[in-house]
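# Structural description and commentary
Here is how the chains run, residue by residue.
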Amino acid sequence: INAEYGDESLESTNVKRPTCVICARPETVCLCNFIPKNVSISTKVIVLQHPAEQNRQLRTVPLLKAALPEDKCIVVIGKRFLNLKDMISIPTALLFPGKDAIECREVFPGTFEQIICLDGTWPQARRLYQKNPLLQTLPKVMLSSSRKSVYLIHTQPTVHHLSTLESVARAIEEMERLDGLENKLIAPLKEMVRTQFKYGACAHSTQQEARMIRKQEIKDGETNLTVAPKLNNFDYSTF
C-alpha cells in the first residue's frame, strides 16, 4: 500500500490471524492461487482509499493490486490528498457516475493513460470527491453494463453497484476493449465469496430491495422488519 500522498496512515492494533501479504486474507483461506498471472493492461489505476476501508475484513482492493502489474496500480490512503496535482500530471479520468460522465465503452482506447477510483462506501466516496476539489475537474467515466455484482456477501445499495475490484476490471475491459479481462480479475473475489458461503455466509440482496420489503412489511403491520434480506432461491451450489 502506497500511503505517500495520503494525509494519514492507519495501523490496526487488533490481534489478527496470520495474513497473506499478497492477497490480505488469512493464510488458511489464501486466495493467491486464484489471482490471475501475467495480466497486461495499458491504463494505470490509482485507488484513493478512505481510511475506514483498512478496518474491513473482506476487501477487494488487495486482490486488484495483486493481479495488476506493480507499475499499473497504486493505492493511496487518506481523506485529503495533498499531492493530487502530481498524480494527475498525465491524461486522467475519474471513475465516478454523473450526468457529465462518459460511458467507458465510448472512450477511444488511449484517450486516458490512467483512471482514478474512489474506494469506500458510497457516502465515503462522495466525501472524498467533495473534499478534493481537483477530482471535480477531471473528466468522468462510468460503466455502461448492468451486470450484477458477484460480491454477494456485501449488501450493495442497488443492483447497479459493484465492488472496487469489479468496477475497475470492467472499466478497463471496456476502455481497452480487452474481452475477458473482468472475468480474470474477479476470479479471486468469486472464490472469496464461495469460501464465505462454506462458512455459513448468506447471499445478500440490495439495500434498495430491503427498503421495498420493509415498506411492504410496515404496510402489512409487521414489527420485526427486514434489515438485509437474503436472496430468495439462490443456488449456492452453482455460484
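Everything numeric in this text was worked out from a predicted model, so none of it was measured. (Residues numbered from 1 in each chain as written. Predicted model: local features only at pLDDT ≥ 70, side-chain atom pairs only at ≥ 80, totals over all residues. Heavy atoms only, no water.)

## Quick look at the confidence of the model for the protein chain
Per-chain confidence: the protein chain averages 85 in pLDDT, with 82% of residues scoring 70 or above. Here residues 1-13 is a poorly scored stretch, pLDDT under 50, and it has 28 contacts once near neighbours within four places are set aside; other chains count. (pLDDT = per-residue confidence, 0-100. Contact = heavy atoms within 4.5 Å.)

## A few points about helix α4 (residues 164-176)
The end-to-end C-alpha distance of α4 is 18 Å, a good match for the 18 Å that 13 residues give at a rise of 1.5 Å each. Summarising burial for α4: 13 of the 13 residues are buried, a large majority. Phi turns positive, to about 60 degrees, at Arg177, one or two residues after α4. (Helix = DSSP H or I, 4+ residues; strand = E, 2+ residues; numbered from the N terminus. Expected span 1.5 Å × (residues − 1). Buried < 20%, exposed > 50% of the residue type's maximum accessible area, 1.4 Å probe, protein only.)

## Observations regarding the pattern of salt bridges
Applying the stated criterion to the full structure yields five salt bridges. Of the charged contacts in the structure, one is a salt bridge between Lys140 and Asp100, with a shortest N-O distance of 3.1 Å. Note that Lys140 is positioned in strand β6 (residues 140-142) and Asp100 in the loop between β3 (92-95) and β4 (102-103), a separation of 40 residues in sequence. Lys140 gets classed as buried once you look at its relative accessible area, which sits at 7%. For Asp100, a relative accessible area of 53% translates into the label exposed. Notably, a salt bridge pairs Arg194 with Glu191, separated by 3.0 Å at the nearest N-O pair. Note that Arg194 and Glu191 are positioned in helix α6 (residues 187-198) at a spacing of three residues, about one turn of the helix. (Salt bridge = Lys/Arg side-chain N within 4 Å of Asp/Glu carboxyl O.)

## Focus: the packing of aromatic side chains
All chains considered together, the criterion is met by two aromatic pairs. Centre to centre, the rings of Phe96 and Tyr129 are 4.6 Å apart; their planes meet at 10 degrees, and the pair counts as stacked. Separated by 33 residues along the polypeptide, Phe96 in the loop between β3 and β4 and Tyr129 in helix α3 (residues 122-131) bring together distant segments of the chain. Grouping residues by exposure puts Phe96 and Tyr129 together as buried. (Phe/Tyr/Trp six-rings, centres within 6.5 Å; stacked < 30°, edge-to-face > 60°.)

## Concerning the environment of Arg177
Mapped onto the elements of the fold, Arg177 is located in the loop between α4 and α5 (181-185). Judged by relative accessible area, Arg177 falls into the partly exposed class, the value being 42%. Residues Arg177 and Pro109, spaced 68 residues apart in sequence, show a C-alpha to C-alpha distance of 7.6 Å. Sequence-distant contacts of Arg177, that is, excluding residues within four places in its chain, are made with Cys104, Arg105, Val107, Phe108, Pro109 and Ile172. A polar side-chain atom of Arg177 sits 3.3 Å from the main-chain carbonyl oxygen of Arg105. At a separation of 3.1 Å, a polar atom in the side chain of Arg177 contacts the main-chain carbonyl oxygen of Val107. (Polar contact = N/O pair within 3.5 Å; in protein donor to acceptor, adjacent residues only side chain to side chain.)

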